[in-house]
Amino acid sequence: MNRLYRLLERHILNRIDRKLVAASLIAILIPLLGTGLYGNWITSRILREHAIVSIQLDLEQRANRIETYLEGVRHNVLYLAHSPEMRALIQARMRGDKATVARIRDVLDLEYAAFAATHPMYYQIRYIAENGQEIVRVNARNGTIEMVPPARLQQKQHRYYFQEAMKLNEGEIYMSPLDLNREFGRIEKPYTPVIRYATPVFYPDGRRAGIVIVNIFAEKFLKYISSPGGEDFMALVDQEGYYLVHPDPSRLWGHPRDLGTGFRLQRDFPHEWPRLLSRTPSVVKEASSIVVSQPIFPNRPDENYYWVALHVIPTHVLFASVRSFRVTAVTILFMAVLAGVTMAAFLGRSITAPVLVLTDRVRRFGRGEGFVPVRVMSNDEVGELTRAFNDMARQLEYNMERLARLTRLGQRIAAQLDHENVLRALLEATRELLPSRYNVVRLTEHEDEVVVQDGDARWEEISKLEVVHLIREHVLQERGWRALHIPLEDGRTVYMCCAFIECRTHGTGVVEVYGDDPALTTPSSGNLLATLAVQTSIALENAHLYSTLAEHRARLQSLLEQLITAQEEERRIVAYDIHDGLVQRLVGARLQLMNFMGMENPSCPQARSALEKAISHLTTAIVEARRVIEGLRPGLLDDLGLIPALEYYAQELGADAGWHVHMDVPTQFPRLPTPVEVTAFRIAQEALNNARKYAEARHVWIQVTLSEDTLEMVIRDDGRGFQVEEVEREGHVFGILSMQERAHLLGGTCEIRSVPGQGTEVHVRLPIRLEVQV
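Analysis parameters
- In this convention, every chain numbers its residues from 1, walking through the sequence in written order.
- Reporting in this predicted model follows two pLDDT cut-offs: at least 70 for local features of residues, and 80 or more for side-chain atom pairs to be given and counted; totals over whole chains, interfaces and linings ignore these cut-offs and use all residues.
- The side-chain figures draw on all heavy atoms in the structure; neither hydrogens nor water molecules are used.
- Counting from the N terminus, the helices are DSSP H or I runs at least four residues long and the strands are E runs at least two residues long.
- Partly exposed residues are those whose accessible area sits between 20% and 50% of the maximum for their type, while under 20% is buried and over 50% is exposed, using a 1.4 Å probe and protein chains only.
- It only takes one pair of heavy atoms within 4.5 Å for two residues to be counted as in contact.
- For the accessible areas, the method is Shrake-Rupley and the probe is 1.4 Å, while residue cover comes only from the protein chains on display.
- Residues enter patches when they are more than 30% accessible in relative terms and free of salt bridges; like-charged ones are connected within 9 Å and nonpolar ones (Val, Leu, Ile, Met, Phe, Trp, Tyr) within 5 Å.
- Salt bridge, as applied in this entry: a Lys or Arg side-chain nitrogen positioned within 4 Å of an Asp or Glu carboxyl oxygen.
- Here the expected length of a helix is defined as 1.5 Å per residue gap, with one fewer gap than residues.
- For the purposes of these results, a polar contact is taken to be a pair of N or O atoms within 3.5 Å, where, inside protein, one atom must be able to donate a hydrogen and its partner to accept one; residues adjacent in sequence count only when each atom of the pair is a side-chain atom.
- Only Phe, Tyr and Trp rings take part, Trp by its six-membered ring, and two of them pair if their centres are within 6.5 Å. Stacked means planes under 30 degrees apart, edge-to-face means over 60, and tilted covers everything else.
- With axes taken as lines fitted to C-alpha atoms, and helix axes fitted only over the stretch in contact, angles between N-to-C directions fall between 0 and 180 degrees.
- Throughout this description, any angle smaller than 35 degrees is read as roughly parallel, any larger than 145 degrees as roughly antiparallel, any in the 65 to 115 degree range as roughly perpendicular, and the remainder as oblique.
- Should the near helix be turned counterclockwise from the far one by less than a right angle, the crossing is left-handed, whereas a clockwise turn marks it as right-handed.
- Nonpolar residues are Ala, Val, Leu, Ile, Met, Phe, Trp, Tyr, Cys and Pro. Charged residues are Asp, Glu, Lys and Arg, and all others, Gly as well, are polar.
- Throughout this description, the term nonpolar core refers to a set of buried Ala, Val, Leu, Ile, Met, Phe, Trp, Tyr and Cys residues connected via side-chain atoms within 4.5 Å.
- Pairs of strands are assigned from DSSP output, requiring at least two bridges between the strands.
- Put simply, a disulfide is two cysteine sulfurs that come within 2.5 Å.

Student: When you look at the overall build of the protein in this model, what are you seeing that I'm missing?
Tutor: Looking only at helices and strands, the protein has 20 helices and 24 strands in total. Out of the 774 residues in the protein, the part that is buried amounts to 39%. By sequence separation, contacts in the protein at least 24 residues apart represent 60% of the contacts at least 6 residues apart. Carbon and sulfur atoms form 56% of the exposed surface of the protein, whose accessible area is close to 43200 Å².

Student: For this particular structure, what's the right way to read a nonpolar patch on the surface?
Tutor: Taken together, the side chains of F334, M335 and L338 define a hydrophobic patch exposed on the protein surface, amounting to about 290 Å² of accessible area. Mapped onto the secondary structure, L338 falls in helix α10 (residues 320-366).

Student: Explain helix α18 (residues 674-695) here, please?
Tutor: Along an α-helix, residues three or four positions apart point the same way, because every turn accommodates 3.6 residues. In this model, α18 (22 residues) spans 30 Å end to end at C-alpha, consistent with the 32 Å of a helix rising 1.5 Å per residue. Within α18, 16 of the 22 residues are buried, which leaves it mostly tucked inside the rest of the structure. Looking at the residues trailing α18, positive phi occurs at E696, about 55°.

Student: Where do I start with the side chain of Q266 in this structure?
Tutor: Relative to the assigned elements, Q266 resides in helix α7 (residues 265-268). Accessibility expressed as a relative area gives 17% for Q266, which makes it buried. Separated by 3.4 Å, the side chain of Q266 and the backbone oxygen of E240 make a polar contact. Once residues lying within four places of it in the same chain are set aside, the contact partners of Q266 are E240, G241, W273 and L277.

Student: I'm lost on the packing of aromatic side chains in this one. Help?
Tutor: How two aromatic rings sit relative to each other is set out by the distance from centre to centre and by the angle between their planes. This model, assessed by the stated rule, comprises eleven aromatic pairs. On the numbers, 5.6 Å between centres and 80° between planes, the contact of Y160 with Y161 is edge-to-face. Given a relative accessible area of 25%, Y160 falls into the partly exposed group. Ring centres of Y305 and W307 lie 6.3 Å apart, and the angle between their planes is 80°; this geometry places the pair in the edge-to-face category. Of the two residues examined, Y305 and W307, each falls in the buried class. An aromatic cluster of three or more residues is present, and its members are Y69, F221, Y305 and W307.

Student: Just to check I follow, could you spell out the pattern of salt bridges for this structure?
Tutor: Counted according to the given criterion, the structure contains 32 salt bridges. In this structure, D205 engages R207 in a salt bridge whose closest nitrogen and oxygen atoms are separated by 2.8 Å. Notably, a salt bridge pairs D454 with R431, separated by 2.2 Å at the nearest N-O pair. Of this pair, D454 sits in strand β16 (residues 448-455) while R431 sits in helix α12 (residues 419-433); the two residues are 23 residues apart in sequence, bridging distant segments of the chain. We classify D454 as partly exposed; its relative accessible area is 22%. Given a relative accessible area of 43%, R431 falls into the partly exposed group. Several salt bridges converge on common partners, so that one network encompasses E67, R300 and E303.

Student: For this particular structure, what's the right way to read the packing of helix α3 (residues 84-95) against helix α4 (residues 98-118)?
Tutor: The relative placement of two packed helices comes down to the angle between their axes together with the axis-to-axis distance. Remark: α3 packs on α4, axes separated minimally by 9 Å, with the N-to-C direction vectors making an angle of 160°. Taken together, the axis directions place α3 and α4 in an arrangement best described as roughly antiparallel. When the axes of α3 and α4 are compared, the crossing they make is left-handed. Packed against α3, whose contacting residues are E85, M86, A88, L89, A92, R93 and R95, the element α4 presents T100, V101, I104, R105, V107, L108, E111 and Y112 at the interface. Residue composition of the contact of α3 with α4, grouped by class: nine nonpolar, one polar and five charged.

Student: Please clarify how the nonpolar core should be interpreted in this entry.
Tutor: The nonpolar side chains of soluble globular proteins are, as a tendency, buried together. With 75 residues, the main nonpolar core has V73, Y112, Y127, Y197, F221, L236 and W307 as its most contacted residues. Among the elements that make up this core, the one with the highest residue count is helix α2 (residues 16-81) (ten residues). Discounting residues that sit within four places of it in the chain, V73 has contacts with Y122, Y197, V214 and I216.

Student: Can you walk me through the sheet that holds strand β14 (residues 307-314) in this structure?
Tutor: Two strands in a sheet stick together by hydrogen bonds in their backbones, pointing the same way (parallel) or opposite ways (antiparallel). Pairing within the open sheet is antiparallel, and its five strands lie in the order β11-β10-β14-β13-β12. Of all the strands in the sheet, the pair left with one neighbour each is β11 (243-245) and β12 (282-285). Neighbouring strand axes in the sheet, compared pairwise and without regard to direction, differ in orientation by 30° on average. Taken together, the four bridges between β12 and strand β13 (residues 289-296) define a ladder with antiparallel strand orientation. For S282, the partnering residue across the bridge sits in β13 and is S293.

Student: Would you mind showing me how to read the environment of Q411 here?
Tutor: Relative to the helices and strands, Q411 resides in helix α11 (residues 379-414). With 124 residues separating them in the primary sequence, Q411 and Q535 have C-alpha atoms 8.7 Å apart.

Student: Help me understand the pairing of strand β23 (residues 749-754) in this model?
Tutor: Of the two faces of β23, the one lined by C750, I752 and S754 is fully buried and the one lined by T749, E751 and R753 carries no buried residue. Bridge count between β23 and strand β24 (residues 760-767): six bridges; the pairing is antiparallel. Residue pairing across strands places E751 opposite H763, the latter belonging to β24. Turn length for the β23-β24 hairpin, with the two strands adjacent in sequence and antiparallel, is five residues, and the turn residue G757 shows positive phi of about 85°.

Student: Sorry if this is basic, but what is going on with the state of the cysteines here?
Tutor: Cysteine pairs can be linked by a disulfide, which is a covalent bond between their two sulfur atoms. Per the stated rule, a full pass over the model turns up zero disulfides. The closest cysteine sulfur to the non-disulfide-bonded C498 is located on C497, 7.5 Å from its own sulfur. Judged by relative accessible area, C498 falls into the buried class, the value being 0%.

Shown next as structure tokens:
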């Protein structure tokens, strides 16, 4: 240790200023690092707690909105059950007065229809008698109100909600589980989550007269539990853990009374699910995420039945602000250390400078020179130097911060791809960077002036002053920036800064910033505004280039469609030429040979056999020519579409090759764009021809499925198969490449899978909305 100290003293700490720097580092770094680390820890913990509390408050507000929504439903059910018309109907039924029952039923139909029209959350309102038979039923969907006639009313005696509601006392409300709607015993498609609220009604003598029940579209309130997008998501589960809301549709409605998949919360959180499914809010920390839960009681004051809203957030998303703070804190700490070291160096030099001057004077005096008094610097001067350095450091930090903001805002401007959005981003940047109250951009484009403004509109009158117009003209002429202060008649002084904007595609103009802060007229503000103006000019040109590129892509797509159409038209012409020329001549030659065979001498069997062989060869050539014609341009593809053409071609080829063809296609299949139908047929044609030539298959399966924007086609055989890599290595890939290239031209894919002895599968995906591949 002593040796190390001596080495440091000999080579590094051999001057007073260096020792002072070392002492300053020891004196500053220890408390600074301690304070900084402690403050970082405390602030990080507060930020973490604040982030979790914010998520809890948001989830609690969503739960309260759902409970409030359903509270209104309960009040509406009681209102419908005790309406005068309902009481009159019950009394008429007790008397057995069928005419009055029919009349009041019609009145109640109208009342329920009017109620459904003013309350769109209800898609069904019913009165069900004590025997389970519907008496009144009003359906409301997509804005259409339907009063169901008696002939279509259903028996609901065995439905669980009827049985449960009939057990209640007067004034009590039954709420059904949130499940998928059923019609005539089957789950309705598309899936419609519903919830039912029912209350019993009674005859005047106290006997049960049935129930009044309303069905609610659950989407009306499930939308409150919507995922915000990104990596975090929200979900809603019932008290058994089955998902009612989840961004993954495969997890939904796993309860046996619904789809019965059995998927629920316990699979996703096998250890923490008891806490999440409790009646109290909770926060569960997983390995890489935080799960916040909030119970929802849809039928208060009954708390035996409840749902649980969940918000699952990855920790790196939830605590992003903590990481940002830590990075900022470390940066500030580093800057503070750097400032301390710099100040120590300046202080050391200010102390050693007089000593060096004194040493020089002493040496001169030793050589016989005259003595010159040495002026000693006072502490006030050293202190002033320190203060000047601090001011400089603070100004430097401020300028660096403004530069970083300028870079970020410039990137935001450059990221816009629309003319108006670029100008809006410029105004937002000026509002954030400069102390402005009113901002405006003026561009002259093809002799038309485009004006985009932001801020307090009362300042617009100031922008119309003559002196402002003169400054604007100067900026347009000088292509730079200018600032001025404007005294007003009411004694106030306002400030204005103006910078030039130039764009080859959008003309020239200016950006103007108005405010009541004198900092607007400083050179730094003017340079910042000029820099933003330059970045805006570049962004405007980029937006124009992006628009031009989009137009070119659209043209390229149109050319692709025309190319495919032209190829098919050439095939059609060639097919017609072969049919009308070559095939007709072959048919004529066969007829001539057959006529000749009928006239030749039967005593010459060799000649007859030769003629029969020639006729057979001509017949085969005619059949093959017709197959070639059908392959060049199948008429069914033009007339009936893709599916009939595929079925006909596969059956014809199967009959020739001895296959059994299995078709799995939709019963209702619309016509697709011509390039898509042609490409799909050509790929299938190539795959089937390859199977006929090489597969030696007994069965061929063709499956076609159609989604909203994608056509999928799978062609599979049980032939001998092959090694795809070996075929590609040997170069026998023309057919494979042609299928893949056709799919790629439309932005799709074509995959060939094959194993020797296990057949071959061709899997094709084609986009219905064409995407040009360059």
